[in-house]
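The lines below spell out each chain.
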Amino acid sequence: MNNILTNQQLGQWKSAGALWPVDLLSQEETIRFRDKYLALEAATNGGAQGRFRMKAHLPVPWMWELIRLPRLADAIEDLVGPDIVCWGSSFFAKSAHDPRFISWHQDSVYYGIDPPDSITAWIALTDATTLSGCMRIIPGSHISTQFVQHEETRAPNNMLSRGQTIRDVNESLAVEMPLVAGQMSIHHNKTFHASEPNQADWPRIGVAIHFAASHLRQVNFDGATAIPVRGNPRHWLPEPYPDSEMSPASLKALEDFLAAYRSSGRKQH
Ligand SMILES: O=C(O)CCC(=O)C(=O)O
């Protein structure tokens, strides 16, 4: 029996490698998390997104609250079973009339999770529409067992760190995943995805949270850590809860992680 996802959504997951929309946050929660994100951006002079890549939750207590919401865990459990860890999180925000975009890419190439079945909940804190540059996917692209070659274009305005891009994507197959603020989409880490610039008058703010069944492993470095979300975390070591937002200890934990990740030779997303 499913917790919250419908059989239709589970069918969409199997065939498309993504599902949307799922109602997650109340209006009050959406406004509260959005305001907290905006305050963090202000406190970091607009640097939170770039600085807190991959484990944005390490210095941010409200991200732990978001990650551990029971309704979110219910949806993830419907997809990966009862033993769940959260090993990563990122902010994906485009300002109003922001020319930046995200090129076609496949997360599994960068994540180092084996088998490559990590999944991402992308939570909209503002409306993500065609105009504001919602995510697009190529349905079914998760089915191949091959990792796909990416070219590092370093294109200006590409929000990925090196402009990594899958060439020759058949865009006529692309499908948009529009979301109203408070809803989420979930995508498999092999599903090709991208998004266009924000042409709207409002910022498009999303929080991406990376979950895995706890029997999956990080194979690129030892001592991988994660937040235990539900069930048995198995070989994943616990992460330090931040004593306060951007406390020195929590920033150091993030730096240590990024250094371990870099020293593994793995490139960032
Ligand atoms: O926010 C976007 O448009 C893309 C997000 C993304 O690449 C991801 O969540 O893996």
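A short tour of the structure in this document, coming up. Bear in mind that the values here come from a model prediction, so they are computed numbers and not experimental data. (Residues numbered from 1 in each chain as written. Predicted model: local features only at pLDDT ≥ 70, side-chain atom pairs only at ≥ 80, totals over all residues. Heavy atoms only, no water.)

1. Looking at the nonpolar core
At step 1: Among the nonpolar cores identified, the biggest contains 59 residues, and Leu72, Phe91 and Phe211 are the most heavily contacted of them.
At step 2: If we skip the residues at most four places from it in the chain, Leu72 touches Leu24, Leu66, Ile67, Ala121, Ile123, Met184, Ile209 and Phe211. (Core = buried A, V, L, I, M, F, W, Y, C linked by side-chain atoms within 4.5 Å. Buried < 20%, exposed > 50% of the residue type's maximum accessible area, 1.4 Å probe, protein only. Contact = heavy atoms within 4.5 Å.)

2. A short note on the packing of aromatic side chains
At step 1: Taken as a whole and judged by the stated rule, the model has eight aromatic pairs.
At step 2: Geometrically, the ring pair formed by Tyr37 and Phe91 is tilted, given 5.0 Å between the ring centres and 55 degrees between the ring planes. With a gap of 54 residues between them, Tyr37 in helix H2 (residues 27–43) and Phe91 in strand S2 (residues 84–94) connect regions that are remote in the sequence. With respect to class, Tyr37 is no different from Phe91; both count as buried.
At step 3: Feature note: the residues Phe33, Tyr37, Trp62 and Phe91 constitute an aromatic cluster, connected by ring pairs.
At step 4: The ring of Phe33 carries the charged tip of Arg32 above its face, separated from the ring centre by 5.0 Å.
At step 5: Stacked on the ring of Phe257, the Lys or Arg Lys55 has its end atom at 4.9 Å from the ring centre. (Phe/Tyr/Trp six-rings, centres within 6.5 Å; stacked < 30°, edge-to-face > 60°. Helix = DSSP H or I, 4+ residues; strand = E, 2+ residues; numbered from the N terminus. Lys NZ or Arg CZ within 6 Å of the ring centre and 35° of its normal.)

3. Some words on the environment of His105
At step 1: As for its placement among the helices and strands, His105 is situated in strand S3 (residues 102–105).
At step 2: A polar contact of 3.2 Å, which involves the side chain of His105, links it to the side chain of Asp107.
At step 3: Separated by 3.0 Å, the side chains of His105 and His193 make a polar contact. (Polar contact = N/O pair within 3.5 Å; in protein donor to acceptor, adjacent residues only side chain to side chain.)

4. Remarks on helix H5 (residues 70–80)
At step 1: All buried positions along H5 are accounted for by Leu72, Ala73, Ala75, Ile76, Asp78 and Leu79.
At step 2: Within two residues after H5, Gly81 carries a phi angle of roughly 95 degrees, on the positive side.

5. Some thoughts on the site of the ligand
At step 1: Near the ligand there are 13 residues, and of these His105, Trp122, His193, Ser195 and Arg204 occur at the shortest range.
At step 2: Between the ligand and the protein, one listed contact pairs an oxygen atom with a side-chain N or O atom of His105 at 3.1 Å.
At step 3: Here Arg204 contributes a side-chain N or O atom positioned 2.7 Å from an oxygen atom of the ligand.
At step 4: Out of a free accessible area of 290 Å², the ligand has 100% covered by protein chains.
At step 5: Within the residue set of the shell around the ligand, elements represented by two or more residues are S3, strand S5 (119–124), strand S11 (193–195) and strand S12 (204–213).
At step 6: Considered class by class, the residues forming the shell around the ligand number five nonpolar, six polar and two charged. (Near = heavy atom within 4 Å. Areas by Shrake-Rupley, 256 points an atom, 1.4 Å probe, with all protein chains shown as cover. Nonpolar A, V, L, I, M, F, W, Y, C, P; charged D, E, K, R; others polar.)

6. Regarding the sheet that holds strand S6 (residues 135–137)
At step 1: Read across the open sheet, the four strands follow the order S3-S11-S6-S9; overall the sheet is antiparallel. Edge positions in the open sheet fall to S3 and strand S9 (175–176), since each of these has one partner strand only. (Pairing = 2+ DSSP bridges.)

7. Overview of the environment of Thr126
At step 1: Tracing the backbone through its elements, the reader meets Thr126 in the loop between S5 and S6.
At step 2: Considering only alpha carbons, one finds Thr126 and Leu179, 53 residues apart in sequence, at a separation of 8.5 Å.
At step 3: Setting aside anything within four residues of it in sequence, one finds Thr126 in contact with Arg34, Ala181, Trp202, Pro203, Arg204 and Ile205.
At step 4: At a separation of 2.7 Å, a polar atom in the side chain of Thr126 contacts the main-chain carbonyl oxygen of Pro203.

8. Considerations on the pairing of S5
At step 1: Of all six residues in S5, six are buried, a share of seventy percent or more.
At step 2: Where burial is concerned, the two faces of S5 agree: the one with Ile119, Ala121 and Ile123 and the one with Thr120, Trp122 and Ala124 are both buried.
At step 3: Looking at chain direction, S5 and strand S10 (residues 183–188) are connected through five bridges and run antiparallel. Bridge pairing links Ile123 to Met184 in S10.
At step 4: As defined by bridge partners, S5 adjoins S12 across six bridges and the pair is classed as antiparallel. Pairing of Thr120 across the sheet is with His210, part of S12.

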